[in-house]
Amino acid sequence: MDTVTLYDYWRSSASYRLRIALNLKGIRYECEAVDLLSAEQKSVANLARNAQGLVPSLDLNGDILTQSLAIIEYLDELHPEPAFLPATARERARVRALAYAIAMEIHPVCNIGVVDQFMAMTDAKPEIKQQWMQTIIRKGLLAFEKMLQHPDTGRFCHGDQIGLADICLLPQVYNADRWGAKRDDLPLISGIVERANNLEAVKQAYPTDPAKAP
Ligand SMILES: N[C@@H](CCC(=O)N[C@@H](CS)C(=O)NCC(=O)O)C(=O)O
């Protein structure tokens, strides 16, 4: 019997990626909250799991993994169905390019630690934070929409099966809406998100504020 614990924060998009991936693979897991608002990610306990002082971390029977994309690819290797990456090397390069366009370009620049550091160093007014988020996310999603203008885009980012790129896109769109970034002129992204959000595995992963949980 596997014991799988996800150390996450409900609003963390990298954690949301992992919840979607675990649900799609049908892997049962417990969530253990690491509260980013009280900087619990920098606690001794979390640093022992995650040397970068971030979430998520995944404990698989005592083997602790970090970095959401590395974990998702590992889960995909352990549990090949449903596959998160397509069959050919060229297709995998396309899917990874889509995933990285979000996970390595948009997400790190909007990370709470980075933005709070910028706010403190520039003594910026609070509204600058929202403008920062809106600008970076919008720019990134515009580029992503262009990348989707490709014959291999289907019901999802690549073909008709949900995969790694979609797993990165959904939390980023959640964040876009959270910060009020304009995205109503991005029809390919909107269609994919709508279809994905209808899947039970995706619905179950949706961020829920524990303070408002029933
Ligand atoms: N590349 C990492 C990013 C992890 C990350 O940035 N997590 C954010 C939440 S989404 C975090 O822990 N931020 C806290 C901080 O910056 O102190 C991954 O994919 O796991």
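Residues numbered from 1 in each chain as written. Predicted model: local features only at pLDDT ≥ 70, side-chain atom pairs only at ≥ 80, totals over all residues. Heavy atoms only, no water.

(A) Structural context of the overall build of the chain. Of regular secondary structure, the chain possesses 9 helices and 4 strands. If you list the helices and strands of the chain from N to C, you get β-α-β-α-β-β-α-α-α-α-α-α-α. Along the longest, intermediate and shortest principal axes, the C-alpha atoms of the chain span 45 × 45 × 35 Å. Relative to its full complement of 214 residues, the chain shows a buried share of 47%. Counting only contacts in the chain whose residues sit at least 6 apart along the sequence, the fraction spanning at least 24 positions is 66%. For the chain, the exposed area adds up to about 11,200 Å²; of that, 54% sits on carbon and sulfur atoms. Separation between the mean location of the 23 positive side-chain charges and that of the 27 negative ones in the chain comes to 5 Å. (Helix = DSSP H or I, 4+ residues; strand = E, 2+ residues; numbered from the N terminus. Buried < 20%, exposed > 50% of the residue type's maximum accessible area, 1.4 Å probe, protein only. Contact = heavy atoms within 4.5 Å. Areas by Shrake-Rupley, 256 points an atom, 1.4 Å probe, with all protein chains shown as cover. Lys, Arg positive; Asp, Glu negative; His and termini not counted. Charge placed at Lys NZ, Arg CZ, Asp CG, Glu CD.)

(B) Layout of the site of the ligand. Close contacts around the ligand come from 16 residues, with Q41, V55, Q67, S68 and N111 the closest. Q41 places a side-chain nitrogen or oxygen 2.8 Å from an oxygen atom of the ligand. In isolation the ligand exposes 510 Å². Once the protein is present, 89% of that is buried. For the shell around the ligand, the secondary-structure elements that each account for two or more residues are α1 (13–25) and α5 (112–122). Broken down by element, the shell around the ligand gets its largest block of residues, 3 residues, from α1. Residues of the shell around the ligand, tallied by class, amount to 6 nonpolar, 8 polar and 2 charged. When residues are assigned to domains, the shell around the ligand turns out to be shared by domain 1 (4–81) and domain 2 (89–202), each giving three or more. (Near = heavy atom within 4 Å. Polar contact = N/O pair within 3.5 Å; in protein donor to acceptor, adjacent residues only side chain to side chain. Nonpolar A, V, L, I, M, F, W, Y, C, P; charged D, E, K, R; others polar. Domains from an automatic or database assignment.)

(C) Highlighting the sheet that holds strand β2 (residues 30–33). Pairing in this open sheet of 4 strands is mixed, and the strands run β2-β1-β3-β4 from one edge to the other. A strand with exactly one partner marks an edge of an open sheet, and here the two such strands are β2 and β4 (63–66). The average angle at which neighbouring strand axes cross in this sheet is 25°, direction not considered. Relative to strand β3 (residues 57–60), strand β1 (residues 4–8) runs antiparallel, the two sharing 4 bridges. The residue bridging T5 from the neighbouring strand is D59, located in β3. (Pairing = 2+ DSSP bridges. Axes fitted to C-alpha atoms, helices over the stretch in contact; angles between N-to-C directions.)

(D) Inspection of helix α8 (residues 187–197) at higher detail. Of the residues making up α8, those classed as buried are I189, G191, I192, V193 and A196. Elements in contact with the buried residues of α8: α6 (126–148), α7 (164–179) and α9 (200–205).

(E) Quick peek at the domain arrangement of the chain. Each assigned domain of the chain is listed with its residue range as follows: domain 1 (4–81) and domain 2 (89–202). A separation of 20 Å is found between the C-alpha centroids of domain 1 and domain 2. Contact residues are listed per partner, giving 14 residues for domain 1 and 17 residues for domain 2. Summed over both sides, the interface of domain 1 with domain 2 buries roughly 1,600 Å², with 67% coming from carbon and sulfur. Among the ionic pairs, R96 bridges to E73, the shortest N-O distance being 2.9 Å. Counting the contacts that link domain 1 with domain 2 gives 4 residue pairs in polar contact (both at pLDDT 80 or more). (Buried area = accessible area lost by both parts, 1.4 Å probe. Salt bridge = Lys/Arg side-chain N within 4 Å of Asp/Glu carboxyl O.)

(F) View of the environment of V44. Along the polypeptide, V44 turns up in helix α2 (residues 44–49). Taking the C-alpha atoms as reference points, V44 and L85, 41 residues apart in sequence, are found 35 Å from one another.

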